[in-house]
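Letter by letter, the chains look like this.
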Amino acid sequence: LNGTLGAGKTTLTQGIAWGLGVKEYAHSPTFILVHEYHGRVKLYHLDLYRIDDPREVEELGIDEFLTDGACVVEWAEKAIDLFPEEHLLVELIELGEESRGLRLTPTGERYVGLVEEIARKLGRAG
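The following refers to the structure shown. (Residues numbered from 1 in each chain as written. Predicted model: local features only at pLDDT ≥ 70, side-chain atom pairs only at ≥ 80, totals over all residues. Heavy atoms only, no water.)

## Quick notes on the packing of aromatic side chains
Applicable threshold: Working definition: rings of Phe, Tyr and Trp (its six-membered ring) pair if their centres are within 6.5 Å, and the pair is stacked with planes under 30 degrees apart, edge-to-face with planes over 60 apart, and tilted otherwise. In DSSP terms, a helix is any run of H or I states spanning at least four residues, a strand is any run of E spanning at least two, and both are numbered starting from the N terminus. Exposed residues in this analysis have more than 50% of their type's maximum accessible area, buried residues have under 20%, and partly exposed residues fall in between, with area computed by a 1.4 Å probe over protein chains only.
Going through the model one piece at a time under the given rule, you end up with one aromatic pair. Seen from their ring centres, tyrosine 49 and tryptophan 75 are 5.0 Å apart, and the 50° between their planes marks the pair as tilted. Residue tyrosine 49 is located in the loop between β2 (42–47) and α2 (54–59), and its partner tryptophan 75 is located in the loop between β3 (70–74) and β4 (87–96); the two are separated by 26 residues in the primary sequence. For tryptophan 75, a relative accessible area of 11% translates into the label buried.

Written out as structure tokens, the structure is:
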């Protein structure tokens, strides 16, 4: 997830958590860096805001998070080269004080298909 401070990255993560059946509230992991939640699948919520060097992300053991469940990463642009070749980049765009837009950038066949399915369900062309 990318977006400015206050754009709604943690709020979107909360919605993802609820969609996965997580009962607890997803808090911003800004100071802890990683929260783990349990629902139908494990959800890892990472926040790279305070990370200055991508090597710090490697030290967190990000490989495990990316293969052991769903993984949502706030401020992903700080370590984008460490993510799998196939991933979905979600950018939150502030349209107004109470309004946000999403820009979905899929990389890889799985995520291209997912974005196409979302577009179909919304009645929009690919």
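## So, the pattern of salt bridges
Just so we agree on the cut-off: The rule for a salt bridge is simple: a side-chain nitrogen of Lys or Arg has to be within 4 Å of a carboxyl oxygen of Asp or Glu.
Taken as a whole, this structure holds five salt bridges when the rule is applied. As a salt-bridge pair, glutamate 91 and arginine 103 come within 2.8 Å of each other at their nearest N and O atoms. Of this pair, glutamate 91 sits in strand β4 while arginine 103 sits in strand β5 (residues 99–107), placing them twelve residues apart in sequence. We classify arginine 103 as partly exposed; its relative accessible area is 43%. Arginine 100 is the partner of glutamate 94 in a salt bridge, and the nearest nitrogen-oxygen pair spans 3.7 Å. A residue is classified by how much of its surface remains accessible, and glutamate 94, at 41% relative accessible area, is partly exposed. Residues participating in the shared-partner salt-bridge network are Glu117, Arg120 and Lys121.

## Details of the sheet that holds strand β1 (residues 34–38)
The criterion, for reference: DSSP-based pairing: two strands are paired if at least 2 bridges between them are found. The convention used is that axes are lines fitted to C-alpha atoms, helices contributing only their stretch in contact, and that angles between N-to-C directions extend from 0 to 180 degrees.
Ordered by their spatial adjacency, three strands build an open sheet running β1-β2-β3, and the pairing between neighbours is mixed. Of all the strands in the sheet, the pair left with one neighbour each is β1 and β3. Strand-to-strand twist in this sheet, taken as the mean axis angle between neighbours without regard to direction, amounts to 15°. Inspection of the sheet shows β2 paired to β3 by five bridges, in the parallel sense.

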